[in-house]
2 protein chains.
Amino acid sequence: MQLIDGNAIAATLVAELKARVAALPGRKPCLALVRVGEDPASVSYVRKKEKTAAEIGIESRVILPPVSISQAELEKLIDDLNADPAVDGILVQSPLPKNLDEPAAFRRIAAHKDVDGFHTLNLGKLVQEDDSGFVACTPAGIMELLARSGVDLKGKHVVVLGRSLIVGKPAALLALQKKAGANGTVTICHSGTADVAALTRLADVLIAAIGKPEFVKADMVKPGAVVIDVGINRVPDPSKKTGYKLVGDVDFDGVAPLASQITPVPGGVGPMTVCMLMRNTLKARLSAG
Amino acid sequence: MQLIDGNAIAATLVAELKARVAALPGRKPCLALVRVGEDPASVSYVRKKEKTAAEIGIESRVILPPVSISQAELEKLIDDLNADPAVDGILVQSPLPKNLDEPAAFRRIAAHKDVDGFHTLNLGKLVQEDDSGFVACTPAGIMELLARSGVDLKGKHVVVLGRSLIVGKPAALLALQKKAGANGTVTICHSGTADVAALTRLADVLIAAIGKPEFVKADMVKPGAVVIDVGINRVPDPSKKTGYKLVGDVDFDGVAPLASQITPVPGGVGPMTVCMLMRNTLKARLSAG
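In every chain, residue numbers begin from 1 and rise along the written sequence. Each chain takes a letter, starting from A, and each ligand takes a number, starting from 1, following the order in which they are written. It should be noted that, the model being predicted, local features are given only for residues of pLDDT at least 70 and side-chain atom pairs only at 80 or more, the latter also being counted only at that level, while totals for whole chains, interfaces and linings use all residues.

(A) Molecular detail of unusual backbone geometry. With omega at -5°, the peptide bond leading from Val265 of chain A into Pro266 of chain A counts as cis. Within the secondary structure, Pro266 of chain A is located in the loop between strand S11 (261–262) and helix H10 (270–288). In the segment running from Ser94 of chain B into Pro95 of chain B, the intervening peptide bond is cis, with an omega of -5°. What counts as a helix is a DSSP run of H or I of at least four residues, what counts as a strand is a run of E of at least two, and both are numbered from the N terminus. Relative to the helices and strands, Pro95 of chain B is located in the loop between strand S4 (89–92) and helix H4 (102–108). Phi at Glu129 of chain A takes a positive value of approximately 60°, unusual for a residue other than glycine.

As structure tokens, then:
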């Protein structure tokens, strides 16, 4: 079994992006990060994005509207960022306070600045295999992890657990594309699937993004499979100072001995996501000219 | 084995649409049909669309630019139709003459008049399960055939053969949606799939859209499966006056005895496609207000 080290691959990618940004003539790419309120996870995510941007040489503009901001004011703020030629990418950190309409806010971001890849047009381009769009960061990170671990999906059966808009569906659509590295045969399982284990056992590459702690057990995995664990679940752990530990959607200890390659949680898919956001921001800068 | 009679289901649907259009206050829905050149198949398709529109009470406006039309002139024509409040839906008949850029022409059609469902935004909405968009006619017709044949995809394994933009991918995305009638577990196979038969044999519902005459043989089908044949292939047949006969992607004679339900070719999916175009045109009219 070989561990897919997301931290190491992300570090390589950061170095590559840094070199590309350094070589860029003219202004540096600029990412606007909008965070409303003080949700602790959001504070930490935005800080991480700022830090990675700085490391690469991407300018970040952190905007912290008060929790009292109205939907109209938030949309006005997004409109202004859309219109600002000095801003390449816009990210509105999820979750927004419950009184705000998050899907409407996301829809407001112009497709060509939608570095999160959530815009309807960018999803449509993914279906059309049109590379001019932005792909959501987590599925893009999965493809990058696979490519840099020498896993070519051609002729492989890829089973995706989960059909979310931000992971499962785009990951399935990426794996299916008729492109080098992809071209996989794809099965998508979800909460309504009758016999999940019968299908996951067919997977040459298993992508677990179902949000259930340690859902994938050893008897659900074919020996020699590549296992990508997208889950980040908090489970109680009294031995920790925080009172919890992070586990994935895969029972790592049980599955790892069977897998040819596997991502750990944390330190697998997670570190790639921020890198892909930075790559999308650089792409937006290059498209903006 | 029960035959899924596409002609009969289409006739029911035409009657329903006719009643809905008759009950519509104000102007009737209007579909612009743009056909460039005299490709015999295109002539026949456009005539069929005109005829079905007339039967339902949908106005059709057939526009026949000369083959000498330039790309710029064609796009100007589409722009004018986009801007015309009396036109609800626009269809540019494929294939266009080779000197014209067909994808660019399709892209030019405004998303809210794109009754063919090919626009990037409409594909994105399909991914997002946003019903405000238009779904491509053939996959929409497949879902309608299944629904009207009492086939609920919930808990079923749907195997789609083919990943085209106009059938395979949208059919897979529809079958996957978390909606009544859908909610299937979906596998997409294609030219790069290693062992197609092993996967098709798992299908509770098999959708064949791979464009290979009689590709699906009896030993590729699980007894009791529902088989939807989207293929329309011409194969030589000296016994016919035309010199050819139409066959599907399924070896009907071999597979039919095994299937619980199956569509014939012709007379299965084919007749539904034009109905769905008309349903999309009515939807466009209702959205236009």
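Having seen the model, we can carry on.
(B) Region of interest: the packing of helix H6 (residues 137–148) of chain B against helix H10 (residues 270–288) of chain B. Residue and element names in this part refer to chain B. Here an axis means a line fitted to C-alpha atoms, over the contact stretch when the element is a helix, while the angle between two N-to-C directions is reported on a 0 to 180 degree scale. Where H6 meets H10, the axes come as close as 8 Å, and the angle between the chain directions of the two elements is 105°. Taken together, the axes of H6 and H10 lie roughly perpendicular to each other. Contact with H6, carried on its side by Cys137, Thr138, Ala140, Gly141, Glu144 and Leu145, involves Met272, Thr273, Cys275, Met276, Leu277 and Asn280 of H10 and no other residues of that element. Polarity classes work like this: nonpolar for Ala, Val, Leu, Ile, Met, Phe, Trp, Tyr, Cys and Pro, charged for Asp, Glu, Lys and Arg, and polar for all others, with Gly in that last group. Here the residues of the contact of H6 with H10 sort into seven nonpolar, four polar and one charged. Between 65 and 115 degrees an angle is taken as roughly perpendicular, under 35 as roughly parallel, over 145 as roughly antiparallel, and anywhere else as oblique. Residue pairs qualify as contacts under a 7 Å threshold applied to their C-beta atoms, which are placed from the backbone.

(C) Region of the structure containing the confidence of the model for chain A. The predicted model of chain A averages 97 in pLDDT, with 100% of residues at 70 or higher. With pTM at 0.97, the complex prediction returns an ipTM value of 0.96. Known as pLDDT, the predictor's confidence for each residue is given on a scale from 0 to 100.

(D) Molecular detail of the domain arrangement of chain A. Either an automatic procedure or a domain database provided the assignment from which the domain bounds are taken. As assigned here, chain A comprises domain 1 (24–110) and domain 2 (137–269). For domain 1 of chain A and domain 2 of chain A, the distance between their C-alpha centres works out to 29 Å.

(E) Molecular detail of the relation of the copies chain A and chain B. To line up the copies, we fit them by least squares on C-alpha atoms, keeping just the residues with pLDDT of at least 70 in both. Note on the copies: chain A fits chain B at an RMSD of 0.0 Å, the axial shift is 0.0 Å, and the rotation between them is 180°. With respect to symmetry, the two chain copies, as superposed, fit the operation of a two-fold axis. A share of 100% of interface residues in chain A that are also interface residues in chain B marks the association as one of identical surfaces.

(F) The arrangement of the nonpolar core in detail. Any nonpolar core is a set of buried residues, restricted to Ala, Val, Leu, Ile, Met, Phe, Trp, Tyr and Cys, that join up through C-beta atoms within 7 Å. Counting other C-beta atoms within 10 Å of its own, a residue is labelled buried from 20 upward, exposed at 12 or fewer, and partly exposed in the gap between, with every C-beta atom placed from the backbone. Formed by 176 residues in total, the largest nonpolar core has its most connected members in Leu206, Ile207 and Ala208 of chain A together with Leu206, Ile207 and Ala208 of chain B. In contact with Leu206 of chain A, other than residues within four places in its own chain, are Val159, Thr200, Val216, Val221, Ala225, Val227 and Ile228 of chain A.

(G) Molecular detail of the interface of chain A and chain B. With 23 residues of chain A in contact, the opposing surface of chain B contributes 23 residues. Of all elements in the fold, only helix H5 (120–128), helix H7 (168–176) and strand S6 (185–189) of chain A reach the threshold of two or more residues within the side of chain A that touches chain B. Counting residues per element, the side of chain A that touches chain B draws most heavily on H5 of chain A, which supplies seven residues. When its residues are assigned to classes, the side of chain A that touches chain B shows ten nonpolar, nine polar and four charged.

(H) Geometry of the environment of Thr263 of chain B. Residue and element names in this part refer to chain B. Checked against the element boundaries, Thr263 lands in the loop between strand S11 (261–262) and H10. Judged by C-beta crowding, with 30 C-beta atoms within 10 Å, Thr263 ranks as buried. With 37 residues separating them in the primary sequence, Thr263 and Val226 have C-alpha atoms 8.7 Å apart. The contacts of Thr263, once residues within four sequence positions are left out, are Ile4, Gly6, Leu145, Ile228, Asp229, Gly268 and Val269.

(I) Broad picture of the sheet that holds strand S3 (residues 59–63) of chain B. Residues and elements named next belong to chain B. For two strands to count as paired, DSSP must find a minimum of two bridges between them. With respect to topology, three strands assemble into an open sheet ordered S3-S2-S4, the strand pairing being parallel. Of all the strands in the sheet, the pair left with one neighbour each is S3 and S4. If you compare each strand with its neighbour and ignore which way they point, the axes differ by 20° on average. Across five bridges, strand S2 (residues 30–34) lies against S3 in parallel orientation. Residue pairing across strands places Val34 opposite Ile63, the latter belonging to S3. Strands in contact with helix H2 (residues 40–56) are S2 and S3; relative to S3, the strand with the most contacts, it is inclined by about 155°.

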